[in-house]
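# Examination of the molecular architecture
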Amino acid sequence: MAGVLRRFALEKPVIFWSFVIGSIGPVMVWTVPTIRREYFGYKGIPALPLTYPLPNGPRNPPAGYED
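Residues numbered from 1 in each chain as written. Predicted model: local features only at pLDDT ≥ 70, side-chain atom pairs only at ≥ 80, totals over all residues. Heavy atoms only, no water.

### With respect to the overall build of the protein chain
Worth spelling out the cut-off: To qualify as a helix, a DSSP run of H or I must reach at least 4 residues; to qualify as a strand, a run of E must reach at least 2; elements of each kind are numbered from the N terminus. For the radius of gyration, the atom set is restricted to C-alpha positions; the globular benchmark scales as 2.2 Å times the number of residues to the power 0.38. Note on classification: 1.4 Å probe, protein chains only; a residue is buried when its accessible area is under 20% of the maximum for its type, exposed when over 50%, partly exposed between these limits. Per-residue and other accessible areas follow the Shrake-Rupley method at a 1.4 Å probe size, with only the shown protein chains counted as cover for residues.
Of regular secondary structure, the protein chain possesses 2 helices and 0 strands. In terms of overall size, the protein chain is more extended than a compact globule, its C-alpha atoms giving a radius of gyration of 28 Å where 67 residues would be expected to give roughly 11 Å. With the C-alpha coordinates aligned to their principal axes, the bounding extent of the protein chain is approximately 85 × 40 × 15 Å. Within the span of the protein chain, comprising 67 residues, buried residues form 1% of the whole. Only carbon and sulfur atoms are counted for the fraction: they give 67% of the accessible area of the protein chain, which is about 7,100 Å².

### A look at a nonpolar patch on the surface
Just so we agree on the cut-off: Here a patch means residues that are over 30% exposed by relative accessible area and free of salt bridges, tied together within 9 Å if like-charged and within 5 Å if nonpolar (Val, Leu, Ile, Met, Phe, Trp, Tyr). Here, a salt bridge means any side-chain nitrogen of Lys or Arg that lies within 4 Å of a carboxyl oxygen of Asp or Glu.
Side chains of Phe8, Val14 and Ile15 sit close together on the surface and give an oily, nonpolar patch of about 280 Å² of accessible area. Residue placement: Val14 occurs in helix 2 (residues 13-40).

### Some remarks on the packing of aromatic side chains
Quick note on the threshold: Aromatic pairing here means that ring centres of Phe, Tyr or Trp (its six-membered ring) are within 6.5 Å. Orientation follows from the plane angle: under 30 degrees is stacked, over 60 is edge-to-face, and everything else is tilted. By definition, being over a ring means that NZ of Lys or CZ of Arg is both within 6 Å of the ring centre and within 35 degrees of the ring normal.
This structure, assessed with the given rule, holds 1 aromatic pair. With centroids separated by 5.1 Å and ring planes inclined at 80°, the aromatic side chains of Phe16 and Trp17 adopt a geometry described as edge-to-face. Across the ring face of Tyr42, the terminal group of Arg36 is positioned such that the distance to the ring centre comes to 4.0 Å.

### A short note on the packing of helix 1 (residues 2-11) against helix 2
For any two helices packed against each other, the geometry is given by the interaxial angle and the distance between the axes. Selection rule: Think of each axis as a best-fit line through the C-alpha atoms, taken over the contacting stretch in the case of a helix, with angles from 0 to 180 degrees between the N-to-C directions. We call two directions roughly parallel when the angle between them is under 35 degrees, roughly antiparallel when it is over 145, roughly perpendicular when it lies between 65 and 115, and oblique otherwise. Contacts are residue-level and defined by heavy atoms, with any inter-residue pair within 4.5 Å sufficient. Note on residue categories: nonpolar means Ala, Val, Leu, Ile, Met, Phe, Trp, Tyr, Cys or Pro, charged means Asp, Glu, Lys or Arg, and polar means any other residue, Gly included.
The N-to-C vectors of helix 1 and helix 2 enclose an angle of 120°; their axes lie 5 Å apart at closest approach. By the angle class used here, helix 1 and helix 2 are oblique. Contact with helix 1, carried on its side by Leu5, Phe8, Ala9, Leu10 and Glu11, involves Pro13, Ile15 and Phe16 of helix 2 and no other residues of that element. Within the contact of helix 1 with helix 2, the residues separate by chemical class into 7 nonpolar, no polar and 1 charged.

Taken by themselves, the reported measurements are silent on function.
This is the structure we're talking about:
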């Protein structure tokens, strides 16, 4: 296996390194968020509100805009 990879890296280095770099991406999906949380204190973004907050006071409907 190592001989095949070595020969492929020498004969077609662009394809070999493209495969190496491309295979690192899926691994980073699981490792980077864990490292950010544990070592850098990343807490994530707050959840977006799903509804618009209603005001506490009385609501005055607009007047004078009848068509």
